[in-house]
Number of protein chains: 2
Amino acid sequence: MRPYSEALQHLKDAGLRPTRQRLVLARLLFCCDEKRHVTAEEMHAEAQMNGTPVSLATVYNTLNQFTEAGLLREIVVEPGRTYFDTNTSDHHHFYFETEGRLHDLPAEALELSRMPDLPEGTQINRVDVVIRLKGDAS
Amino acid sequence: MRPYSEALQHLKDAGLRPTRQRLVLARLLFCCDEKRHVTAEEMHAEAQMNGTPVSLATVYNTLNQFTEAGLLREIVVEPGRTYFDTNTSDHHHFYFETEGRLHDLPAEALELSRMPDLPEGTQINRVDVVIRLKGDAS
DNA sequence: ATACTTGCAAATCGTTTGCAATACC
DNA sequence: GGTATTGCAAACGATTTGCAAGTAT
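What you see as residue numbers is a count from 1 along each chain, following the sequence as written. Written order determines the labels here, with chains lettered from A and ligands numbered from 1. The predicted nature of this model means local features are confined to residues of pLDDT at least 70 and side-chain atom pairs, given and counted, to a pLDDT of 80 or more, with totals for whole chains, interfaces and linings taken over all residues. Note that water and hydrogens are dropped before the side-chain values are worked out from all heavy atoms of the structure.

Enquirer: I'd like to hear about unusual backbone geometry, residue by residue, with values.
Expert: The bulk of non-glycine residues show a negative phi, and the bulk of peptide bonds are trans. Residue and element names in this part refer to chain A. A positive phi angle, close to 50°, is found at Arg114, a residue other than glycine. Helix and strand labels come from DSSP, where a helix needs a run of H or I of at least four residues and a strand needs a run of E of at least two; each type is numbered from the N terminus. Take Arg114: it is sitting in the loop between β6 (111-113) and β7 (122-135). Three labels apply to residues, based on accessible area from a 1.4 Å probe with only protein chains included: buried if under 20% of the type maximum, exposed if over 50%, partly exposed otherwise in between. Looking at Arg114, the relative accessible area reads 51%, which means it is exposed.

Enquirer: Explain the relation of the copies chain B and chain A to me, using residue names and the numbers behind them.
Expert: Superposing chain B onto chain A takes a rotation of 179° combined with a translation of 0.0 Å along the rotation axis, leaving an RMSD of 0.1 Å. The transformation just described matches what one would write down for a two-fold rotation axis. Our superposition of the copies is a least-squares fit, built on the C-alpha atoms of residues whose pLDDT is at least 70 in both.

Enquirer: Give a description of the sheet that holds strand β2 (residues 73-78) of chain B that names residues and reports values.
Expert: All names here are of chain B. The sheet built from three strands is open, its strands ordered β1-β3-β2 with antiparallel pairing. Of all strands in the sheet, those with a lone pairing partner are β1 (37-38) and β2, marking the two edges. For two strands to pair, DSSP has to find at least two bridges joining them. Pairing of β2 with strand β3 (residues 81-85), which is carried by five bridges, proceeds in the antiparallel orientation. Bridged to Glu78 within β3 is Arg81.

Enquirer: Any details on the protein's contact with DNA strand C? Residues and values, ideally.
Expert: A molecule or strand has a residue near it when one of that residue's heavy atoms lies within 4 Å. Contacts to DNA strand C come from 19 residues, most closely from Thr19, Gln21 and Thr58 of chain A together with Tyr60 and Gly80 of chain B. When the atoms of DNA strand C within 4 Å of the protein are grouped by moiety, sugar and phosphate amount to 83% of the total. Here a polar contact is recorded for every N or O atom pair within 3.5 Å, except that within protein the pair must consist of a potential hydrogen donor and a potential acceptor, and residues adjacent in sequence are included only if both atoms are side-chain atoms. Measuring from a phosphate oxygen of DNA strand C, one finds a side-chain N or O atom of Arg22 of chain A at 2.8 Å. Note that a phosphate oxygen of DNA strand C is positioned 3.1 Å from one of the side-chain N or O atoms of Asn64 of chain B. Those elements that place two or more of their residues in the surface near DNA strand C are α2 (20-30) and α4 (56-68) of chain A together with α4 (56-68) and β3 of chain B. No other element matches the four residues that α4 of chain B contributes to the surface near DNA strand C. Classification convention: Asp, Glu, Lys, Arg as charged; Ala, Val, Leu, Ile, Met, Phe, Trp, Tyr, Cys, Pro as nonpolar; all other residues, Gly among them, as polar. Among the residues making up the surface near DNA strand C, the classes are represented as five nonpolar, eight polar and six charged.

Enquirer: Tell me about the environment of Val127 of chain B, and name the residues and values.
Expert: Within the secondary structure, Val127 of chain B sits in strand β7 (residues 122-135). Residues Val127 of chain B and Asp117 of chain B lie ten residues apart in sequence; the distance between their C-alpha atoms is 14 Å. If we ignore the near neighbours within four places in the chain, the residues touching Val127 of chain B are Val129, Val130 and Ile131 of chain A together with His92, Leu112 and Met115 of chain B. Note on contacts: a residue pair qualifies if any of its non-hydrogen atoms lie within 4.5 Å across the two residues.

Enquirer: Describe the packing of helix α2 (residues 20-30) of chain B against helix α3 (residues 40-49) of chain B, naming the residues involved and giving the relevant values.
Expert: Residues and elements named next belong to chain B. Running from N to C, α2 and α3 point in directions that differ by 105°, and their axes come no closer than 11 Å. Judged by the inter-axis angle, α2 sits roughly perpendicular to α3. For the pair α2 and α3, the contacting residues are Val24, Leu25, Leu28 and Leu29 in the first and Met43, Glu46 and Ala47 in the second. Class assignment of the residues belonging to the contact of α2 with α3 gives a composition of six nonpolar, no polar and one charged. All axes are obtained by fitting lines to C-alpha atoms, using only the stretch in contact for helices, and the reported angles, taken between N-to-C directions, cover 0 to 180 degrees. Small angles under 35 degrees read as roughly parallel and large ones over 145 as roughly antiparallel, with 65 to 115 read as roughly perpendicular and the rest as oblique.

Okay, structure coming up:
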């Protein structure tokens, strides 16, 4: 995992004060090679195992702040669990229902043709496509 | 709203015992002209106003049973709130974020071309497309 | 010095469950 | 009569919040 300096830059860019807790979470989220899909509980456990604990309440608050700041994107695929995606660019998802795991779909892997007319006075904020999968991805 | 006899038929077809509570909810859900998107709380309030109260716990249980029986479809667009759709056929949704309201999109209004390859050993269970709208649909 | 942030514990929200009373066949 | 269903109240899990103590600028 890359160093804290990069995490620091993310926070600065977002205009968030670089506290110890935010640095820990930013590094775990943004300073690894792949994009991630995480829950608050997972990040809480991960910080713990990393030897840099952050209280659960702070994890929740921080993930929400990161989302507001545009560093994360919120995804809802199941009642009662919120996922955060470190990939904030335009893309969609596979959802492995048995495992409760999300996987990015490259933007070009799926194409939406023939979009419907929008109701008057509205604009598209986002289009979410979730391909729900059954079965084992071994 | 059409009579209870039709609601009764829905329950029979689904193999569910026609209790008073189930009949009340089935009628409110299935015996009106449009397809509906409802939450448990809404149905609870509606039964109340209808003069045929059903306890909230029973509303939850019943909506889940209806879903298992294929009479309803569950939709998640927001953390902490589950919607049930009386339209169980293949179709997608507009979601009015400011109002928290769902609206059906006819199946032909949106076309998915170029579907991605699926991971080995998996099959598609369902594809959910939600077009999230900002602004007022007046 | 000041304003912002943290952590804890309590509160909240939507939903589920245990169980005694009740309704259906 | 026997099994399924209901309603209440308590339990639940995820998330949020109030507030006193701690930290960044």
